[in-house]
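# Chain and residue survey
For reference, the chains in residue letters:
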Amino acid sequence: MRTEREIIKKVTLPCVAMRGTVAFPKISMNLEIGRPASKKACDMALGADGLVILVCQRDSSVEEPAKGDIYTVGVTAKIKQLVKTEDGVYRTLMEPVARTEITDFYRVGKYAIAEGLEKTAEYTGVYEENQAVLREIRKTVAEISSLLPMFSDDVYAQVNRTKDISLLCDFLAANIIADIEKRQELLEIFNPEQRAVALLTELEEEKLIMLTEKKINRKVHERMDKNQRDYFLREQIKAIRSELGEDDEFDDEELSGYHEKIMRAAMPEEMREKLLRELRRLSKMPFGSAEGGVTRNYIETCLEIPFGKETKDRIDTAQARKILDDDHDGLEDVKTRIIEYLAALKLNPGLKNQVLCLVGPPGTGKTSVASSIARAMNRKFVRISLGGVRDEADIRGHRKTYIGSMPGRIITALTQAKTMNPLILMDEVDKLTRDSHGDPASALLEVLDTEQNKTFRDHFIETPIDLSGCLFITTANSLHSVPQPLIDRMEIVEMKIYTRAEKFSIARHHLIPKQEKRHGLNGRTLKISDDALYAIIDEYTSEAGVRQLERMIAKCCRRAAKEIVCDGKKSVRINAGNLSDYVGTERTSKEKILSENEVGTVCGMAYTDFGGEIMRIETLALDGTGRIELTGSLGNVMRESAQAAMSFVRSRASRLGIDPDFYKKKDIHIHFPEGAVPKDGPSAGIAIAVAIISELTGIAVRRDVAMTGEITLRGRVLAIGGLREKTMAAYLAGVKTIILPEENRKDEDEILPEVKENVKIVYISNADEAIKLALCAEPKAEEKPCTTEEKTEQTYVAAGESHGVGATIEAVAAE
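Parameters and conventions
Residues numbered from 1 in each chain as written. Predicted model: local features only at pLDDT ≥ 70, side-chain atom pairs only at ≥ 80, totals over all residues. Heavy atoms only, no water. Pairing = 2+ DSSP bridges. Helix = DSSP H or I, 4+ residues; strand = E, 2+ residues; numbered from the N terminus. Axes fitted to C-alpha atoms, helices over the stretch in contact; angles between N-to-C directions. Contact = heavy atoms within 4.5 Å. Core = buried A, V, L, I, M, F, W, Y, C linked by side-chain atoms within 4.5 Å. Buried < 20%, exposed > 50% of the residue type's maximum accessible area, 1.4 Å probe, protein only. Phe/Tyr/Trp six-rings, centres within 6.5 Å; stacked < 30°, edge-to-face > 60°. Lys NZ or Arg CZ within 6 Å of the ring centre and 35° of its normal.

Sheets are built from strands that pair by backbone hydrogen bonding, the pairs being arranged parallel or antiparallel. Pairing within the open sheet is parallel, and its five strands lie in the order β8-β9-β12-β7-β13. The outermost strands of the open sheet, each flanked by one partner alone, are β8 (381-385) and β13 (491-494). Each neighbouring strand pair of the sheet contributes to a mean axis angle of 25°, computed without reference to strand direction. With four bridges joining them, strand β9 (residues 423-427) and strand β12 (residues 471-476) adopt parallel strand pairing. In the sheet register, leucine 423 faces β12, and the bridge partner there is leucine 471. Sheet strands in contact with helix α12 (residues 366-377) are β7 (355-359), β8, β9 and β12, and its direction is about 175° off that of β9.

What follows is the structure, encoded as structure tokens:
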């Protein structure tokens, strides 16, 4: 028969909050108390009846727990013994009495008080049930003790002696269950029968965990024993074979596989011998050793290099030219250079590869044309990005002794291509950096030298690798940051800025079809007229390449797709009239010539990363003390060019009808508009000189004349660069006459045919010719006798005019 009676007593006692431990009734425990509040609670308890409430904290990191920081069930305990140590810690022996359900928790002064209901249960269950539960608990404890070699015999004996189910459950919970939360759950079960069932469940879980741990430990030990056994057996076999005179080094299946690959590969003999030595070392290493892993990785990496494998070049120049033309419009210099190489290769199959460097602004097709070249030549294509590379080991690899070492990017490129003659593109070679780890640009000197790269040594591979079969192409936006020895090893091919016509052709034949396919459109559902395309080029983009142009075309395609899907249109037509509905308002405005002639304002020409453009030069002469003011974000070279122009004007002042003392009485201010844009270079010298002369003489400059050229102190006009882009910009701005240095006549082929047809090109050798062409009227010279210096100067100029720009000192002396 089962009977149950619960005695409840209300208590209000000092409270000690415990961290990381749970107290159970009638299970004595040693407790060290160090927090001031807990020590004060013990002092108050000893001053009364010695009773305290012990309760576990939810979070052990809380120093001063509140009501929400403790569990709701603890125990009432009597302090049986208290010893104060030298460091102020209380060492106590606590004897818990009964479970206590805490109803309130608060602080009084420096210690905590807990109010609760102390519950003592008198329970008598059915004898057979009690015996069954006791037997099952003891059986489970016996199984756990067999799994724990350090299990205490005293604990096992206490389990067998205890007849009270409630006491036995609390005893086992305190000594076997490790998890604090599970201990607390058992403490909060007041009914002994329910507590016994819960305890059995926890013990079974503990037993399963222990069995799993034992199984894992057994597997680990078996594996270790097997490795040791295999090692000893292998050593014994080697010793036996050595005694018998047998020499089968690579009996292991893995080692024999390596040996077969090494002997079959078409690698240099030096590398074969190196790999065989490494394989012998590997055969003598213990299985699983760290050094064995390094050696195995080295052998596998070397075997991945495609020795003896090459693709056959396509020497059909007509087919190669067709592929290049299909992929890219323009880029004639690059295409011609590749066709020349293929033609020479056809005549001499042993011709070594060249190293090309494609230099040009972003978006001009450097990377894509390299891929097209690989396709035209029927070679594998591998791209290596060098932007931001700062470690020499990225090129040459790490030595294999380092942890995580690997070959450099060159060997990795060969492995990826699976051939020894791929086209390797080294992108952004001008973006290489250097630091304490070395200079990667210096490491490229051997790679890009066609006389040295046949014996290229990677630090990881350690033996020479022949790279002479590879075709290297590098790209750069500028050569300013590329070391001169590296430039000397490459053939520079300049990727010129695309003209308006080239951009139109690229957009029509490549960009529009590409974006239509990407957005699910075709030539029937979207049509972009020629005038709309020219408007996008002129009014919405300002770039050297075509990336922004492609974004504008993609924007048109997105808007067209929206109208077809959302508005139900069958097709979309874009022209100049409705273009703004698809790409928005104009983003750029092209510079045009002035509406009328002005004094002191000259139309110069400049070359930028986005192409050519006209550049106005404005000059003002103000009363002052002879200062020269230069504004417009000018670089040192341009400032010196302005000083040279000023000196030239001073030397010709009398001849031009200018007050010879103007440099004492006038302040000259020379300004280049768009002051936020940095400007530099000597090519504006002649334009500056004409602007100063116009301002000082009061004669206007023809608005439809543009000029460029470096000026010397003697008035000679020297050659400049960017001829193609400058002349195109002047033509688009409405210029009718372009003045160029005589020395640039040899570069006349760079000027586009449409510019030659619509603009008058005049070549000059000295500044006097530019003055006559640019000013609306010829300056009147003051009539006065010539000095000896002026006679010499006139003679020099006359000699220059009669003998050309290259007039020699002897010619002048002869005059």
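Next comes the rest of the description.
The biggest cluster of nonpolar side chains holds 58 residues, and the ones touching the most others in it are Leu31, Leu54, Met94, Ile137, Leu172 and Leu203. With sequence-adjacent residues up to four places away left out, leucine 54 is seen in contact with Val16, Met18, Ala23, Met29, Leu31, Gly74, Val75, Ala77 and Met94. The next biggest cluster of nonpolar side chains, apart from the first, holds 51 residues, and it includes Leu342, Ala376, Val493 and Cys557.

Before going further, it helps to spend a moment on the packing of aromatic side chains. Evaluated as defined, the whole model comprises three aromatic pairs. Taking 5.7 Å as the distance between ring centres and 55° as the angle between the ring planes, the aromatic pair formed by tyrosine 298 and phenylalanine 460 counts as tilted. Taken together, the residues span a long stretch of sequence, with tyrosine 298 in helix α9 (residues 290-304) and phenylalanine 460 in the loop between β10 (456-457) and β11 (464-465) at a distance of 162 residues. Their ring planes at 90° and their centres at 6.2 Å tell us that phenylalanine 662 and tyrosine 663 sit as a pair that is edge-to-face. Across the ring face of tyrosine 90, the terminal group of lysine 39 is positioned such that the distance to the ring centre comes to 5.7 Å. Here the guanidinium or amino end of lysine 119 rests over the ring plane of phenylalanine 190, the centre of that ring lying 4.9 Å away.

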